[in-house]
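Given next are the chains, with one letter for each unit.
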Amino acid sequence: MAALILTDLFAVPALDRAPQSALQQMLDGKAKPPGALGRIEELALTLGLIQQRLKPVVERPVLLVFAGDHGLTRSGVAAFPSGVTVAMVDALLAGRASANAFARVVGAKVQVIDAGVAADLSDRAGLIHAKVAWGTQDASVEPAMTSAQAQAALLAGARVAQAAIADGADLIALGEMGIGNSASAALLMHRLAPAPLDDCVGQGAGHSPEGMARKRAVLARAGARSDVTAPFDVLTQFGGYEIAMMAGALLAAARAGVPVLVDGFIGTAAALLAVRLVPAARDYCLFAHASAEAGHRLMLDAMNARPLLELDMRLGEGTGALLAVPLVKAACALLSEVAELADVLEAAG
């Protein structure tokens, strides 16, 4: 069995809950009935604990979009060819993807990372070059990656997040682009949730009934090929480079005390991997939305996670995470800008 060599990049501290009482008192003392803002109050409390501040601040959100290709596409798990990954990377770099549009609306910066695209992108300006390999191997016939490649991807993702945080990011949102990555995510969910494989397989970018039957058959063959359950082994057998880098970025952000907005099905698979590797990372995660992709709710349940939004989305790119950014900012404003009830009552005489 492979073994992940944990470095200090992944040494996530347990969340210090000492400020919880003071934060709750502040929330209850605002000019509103206690609990009247429901889950926004819960979110404010969580942000205060993650940042260890009575007045948490989110002013510089950054979306990290990791791109990678999957050998599973050679066996027909995707409705589109892997060349679409390159086209969408170019759209993201040009500011023309859905994630770019949403980022402009919510005031987030977008960074695009080549984690393992099966093409030479060395001439792309503005792209963060972190390619581990030109796509993974076909996990239905052999391990998706070697142990060394898996570890390299985790570490690369961690360093990307570290650099963003050093540049001022106070909220990390995770996004991805990769044809075939819903198949990889389904296999990760199957072993790490765990859950029956049939409950983990969904439409991805879209499939005909024949395409769905083929996808299920290929993933059943992949699952039968290896019975690993240890998180790092599951990554090597079934993962993707963009998924590994998202997990590494999450762990690095958690270590730095920076909240992480997790996107949809593939992003949640990366979060599940990160949490299974380092359980303390769970308390630093904010789950943006419930995807329409089959299995996403089961995966959220596996981490006792309640998403902030439900919009019937299943795009990826970090779009759902971006749409949750205003809720995060609003939760911060609740603690820092709303009047105290005692002051309002005193003014009323």
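Not measured: the values here are computed from a predicted model.

When its secondary structure is counted, the protein chain shows 13 helices and six strands. Taken over C-alpha atoms, the radius of gyration comes to 20 Å for the protein chain, in line with the 20 Å a tight globule of 349 residues would show. Principal-axis analysis of the C-alpha atoms places the extent of the protein chain at approximately 75 × 40 × 40 Å. Split into buried and exposed, the 349 residues of the protein chain put 57% on the buried side. By sequence separation, contacts in the protein chain at least 24 residues apart represent 76% of the contacts at least 6 residues apart. Approximately 13,400 Å² of the protein chain is accessible, and the part contributed by carbon and sulfur atoms is 55%. Between the mean site of the 27 positive side-chain charges and the mean site of the 33 negative ones, the protein chain shows a separation of 2 Å.

Below, the discussion takes up the nonpolar core. Most often, soluble globular proteins keep nonpolar side chains buried together rather than apart. Among the nonpolar cores identified, the biggest contains 128 residues, and Leu64, Phe66, Leu219, Leu250 and Leu261 are the most heavily contacted of them. Looking at which element gives the most residues to this core, the answer is helix α9 (residues 241-255), with 12 residues.

In the contact formed by helix α8 (residues 231-238) and helix α10 (residues 265-277), the axes pass within 9 Å of each other and the chain directions differ by 145°. Between α8 and α10, the residues in contact are Pro231, Phe232 and Leu235 and Leu273, Arg276 and Leu277, respectively. Among the residues forming the contact of α8 with α10, the class breakdown is five nonpolar, no polar and one charged.

Moving on, we come to unusual backbone geometry. The amide bond that connects Ala193 to the next residue, Pro194, takes the cis arrangement and shows omega of -20°. With respect to the secondary-structure elements, Pro194 resides in the loop between α6 (181-192) and α7 (209-225). At Asn304, a position not held by glycine, the phi torsion is positive, near 55°. By the element assignment, Asn304 lies in the loop between α11 (296-302) and α12 (319-337). Its identity as a non-glycine residue notwithstanding, Asp312 has a phi of 60°, on the positive side. Looking at where Asp312 falls in the secondary structure, it is placed in the loop between α11 and α12.

This part covers α10. Counted at 1.5 Å a residue, the expected span for α10 with its 13 residues is 18 Å, and the 18 Å between its end C-alpha atoms agrees. Among the 13 residues of α10, 12 are classified as buried, and the element is accordingly described as predominantly covered. Buried residues of α10: Phe265, Ile266, Gly267, Thr268, Ala269, Ala270, Ala271, Leu272, Leu273, Ala274, Val275 and Leu277, and no others.

Cut-off values and rules
- Residues numbered from 1 in each chain as written.
- Predicted model: local features only at pLDDT ≥ 70, side-chain atom pairs only at ≥ 80, totals over all residues.
- Heavy atoms only, no water.
- Helix = DSSP H or I, 4+ residues; strand = E, 2+ residues; numbered from the N terminus.
- Rg over C-alpha atoms; globule rule 2.2 N^0.38 Å.
- Buried < 20%, exposed > 50% of the residue type's maximum accessible area, 1.4 Å probe, protein only.
- Contact = heavy atoms within 4.5 Å.
- Areas by Shrake-Rupley, 256 points an atom, 1.4 Å probe, with all protein chains shown as cover.
- Lys, Arg positive; Asp, Glu negative; His and termini not counted.
- Charge placed at Lys NZ, Arg CZ, Asp CG, Glu CD.
- Core = buried A, V, L, I, M, F, W, Y, C linked by side-chain atoms within 4.5 Å.
- Axes fitted to C-alpha atoms, helices over the stretch in contact; angles between N-to-C directions.
- Nonpolar A, V, L, I, M, F, W, Y, C, P; charged D, E, K, R; others polar.
- Expected span 1.5 Å × (residues − 1).

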